[in-house]
Structures are given as C-alpha cells and as structure tokens.
Amino acid sequence: MTGSDVAYWDEQATSVEAARWAAWAADGWDESIDTQLWFISSRLGLLPDRPRLLDLGCGAGRLTVPAVSRFGASLVGVDPSEHMLAAAAHDAEDGNPTWMLNDGRTIPSSGFDGGWSVLTFQHLPDSIVAGYLAQLPDLLMPDARFVAQFVVGETRVPHMVERSHREIADLIADAGLSILAVDTGFGHASWSWLTVQA
C-alpha cells in the first residue's frame, strides 16, 4: 500500500461518507450491519466463549464495534488509516475493540479464533490482498475460519478492484488457504463471500 493509498483513505475518513460510516458504527444495529454480522457468524462456525476475532481493514469500525456484543468477543480492528481508526475509537467502550494502525501485511499478533474482511479487498491491488491472505495461516488458530468479501465483475468503477471468480480462487490458493464456502450476491449482486481456512 502506497502513501497515496493511505492518503485516499485518510481523506475518506474526514468526508461526509466517513461520518455516515461512523454513525452506522455508533448506532450499531443498522439492518445491513446486523445482517452482515449474522451472515459472518453463520460462516465462522462454532466459536469458543469470548472468542478473539480480527476485522482486517476495519475502517471506521462499522462492523467491529457492534461485533463485540454480537459475538461476546475480544475484537482487534486493523486499518492503515489513522483517521479511520480515530472515527472507530470514538464509539468503542472499555478498550474493546482494540485498534491497530497497520497496513495489514505484517500484523504483530496471532491466536485469532476467526475473522473477516468486508469492503476492503475491493479497494486493494492483488499484491496487497495476497499479502493479507498469506498471513492468515499464522494469525488464525487451527481450524479457525476467515470470511473474505470480494467484488466480482468488470465495470471498472474508480477506487474499486473487481476480480473474476478464478482470480479470487487463485489468490486464496496461493496463500495456502482452503475454500470452505462461496456465497454470491449476499448484500449486493456483485459481492462474493469466501469462507476460508488454513
């Protein structure tokens, strides 16, 4: 991720759009958020009591903050934008979730019982997504699952990286991950959700 990429997300964090994301996080149970968390929960499988979960590319904490109560979890949100994390931290309580300013390629933590990345990989080039995915075997506990959302298509929307199903499957395989499930069209017609495991 280049400085210009981080600058883009810092700019988004101070925009009207970011204010809307922060409002969603504060409200916590916006219907789309609740639905996405329900979906993620259904794909993560059986979790231990008080699981430790990772939100990779958490942005303003739209899913991270409400996931604390949804999962009864200890959450870690990772994002490269200091401004996005500041918006996220505004709505967190009692130090949970914790926030990590990091480009996602060298996360100094492990032992996660599961995790997800939503609305993230569609904004990143393959080289960075590959770096994220390659870390998952070291970040996740044995048999833990990770849910990754991608955008499938070729509309060439600015700041949107669309991929074919084959390109997504190759990224997953190259990271040494197994695909447990593929769900398409949930949340948006062009979204593809992959549940993966090391």
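Note that the coordinates shown come from a computational prediction; the quantities given were computed from them, not determined experimentally.

Chemist: Any details on the overall build of the protein? Residues and values, ideally.
Modeler: The number of helices and strands found in the protein is seven helices and seven strands. Reading the secondary structure of the protein in the N-to-C direction produces α-α-α-β-α-β-α-β-β-α-β-α-β-β. Going through the 198 residues of the protein one by one, you find that 49% of them count as buried. Here the contacts in the protein between residues at least 6 apart in sequence split such that 66% fall between residues at least 24 apart.

Chemist: Please provide a residue-by-residue account of the pattern of salt bridges, values included.
Modeler: Inspection of the entire model under this criterion finds four salt bridges. Of the charged contacts in the structure, one is a salt bridge between Asp-126 and Arg-163, with a shortest N-O distance of 2.7 Å. Here Asp-126, found in helix α6 (residues 126-139), pairs with Arg-163, found in the loop between β5 (140-151) and α7 (165-174); they are 37 residues apart in sequence, far enough to count as distant. Arg-163 gets classed as buried once you look at its relative accessible area, which sits at 2%.

Chemist: Explain the sheet that holds strand β6 (residues 178-184) residue by residue, including any values.
Modeler: With mixed pairing, seven strands are arranged side by side in an open sheet as β3-β2-β1-β4-β5-β7-β6. Each edge of the open sheet carries a strand with a single partner, namely β3 (98-101) and β6. Neighbouring strand axes in the sheet, compared pairwise and without regard to direction, differ in orientation by 15° on average. Here helix α4 (residues 64-71) sits on the sheet and contacts β1 (52-56), β2 (74-79), β3 and β4 (112-117); the angle it forms with β2, its principal contact strand, is near 160°. The sheet strands contacting α7 are β5, β6 and β7 (191-197), and the helix crosses β7 at an angle near 20°.

Chemist: For the side chain of Glu-162, give the residues involved together with the corresponding values.
Modeler: Locating Glu-162 in the fold gives a position in the loop between β5 and α7. On the basis of relative accessible area, Glu-162 is assigned to the buried category, the value being 11%. Not counting the four nearest positions on each side in its chain, Glu-162 is found in contact with Val-151, Gly-153, Glu-154, Thr-155, Arg-156, Val-157 and Glu-167.

Chemist: Hey, could you go over the nonpolar core for me, with residue numbers and the actual values?
Modeler: In this structure, Phe-121, Leu-133, Leu-136, Phe-146 and Phe-150 are the most contacted members of the largest nonpolar core, which totals 27 residues. Those elements that provide at least two residues to this core are β1, β2, α6, β5, α7 and β7. With six residues, α6 is the single largest residue contributor to this core. Leu-37, Leu-53, Phe-186 and Trp-193 belong to the second largest nonpolar core, which has 19 residues in total.

Chemist: Could you give an account of the environment of Phe-71, naming the residues involved and the relevant values?
Modeler: When you line up the elements, Phe-71 lands in helix α4. Setting aside its immediate chain neighbours within four residues, Phe-71 contacts Leu-37, Ile-40, Ser-41, Leu-44, Leu-47, Pro-51, Leu-53 and Trp-116.

Chemist: Requested: an account of the packing of aromatic side chains, with residues and values cited.
Modeler: This model, assessed by the stated rule, comprises seven aromatic pairs. Cation over ring: Arg-52 sits above Phe-112, and NZ or CZ is 4.2 Å from the ring centre.

About the thresholds
Residues numbered from 1 in each chain as written. Predicted model: local features only at pLDDT ≥ 70, side-chain atom pairs only at ≥ 80, totals over all residues. Heavy atoms only, no water. Helix = DSSP H or I, 4+ residues; strand = E, 2+ residues; numbered from the N terminus. Buried < 20%, exposed > 50% of the residue type's maximum accessible area, 1.4 Å probe, protein only. Contact = heavy atoms within 4.5 Å. Salt bridge = Lys/Arg side-chain N within 4 Å of Asp/Glu carboxyl O. Pairing = 2+ DSSP bridges. Axes fitted to C-alpha atoms, helices over the stretch in contact; angles between N-to-C directions. Core = buried A, V, L, I, M, F, W, Y, C linked by side-chain atoms within 4.5 Å. Phe/Tyr/Trp six-rings, centres within 6.5 Å; stacked < 30°, edge-to-face > 60°. Lys NZ or Arg CZ within 6 Å of the ring centre and 35° of its normal.

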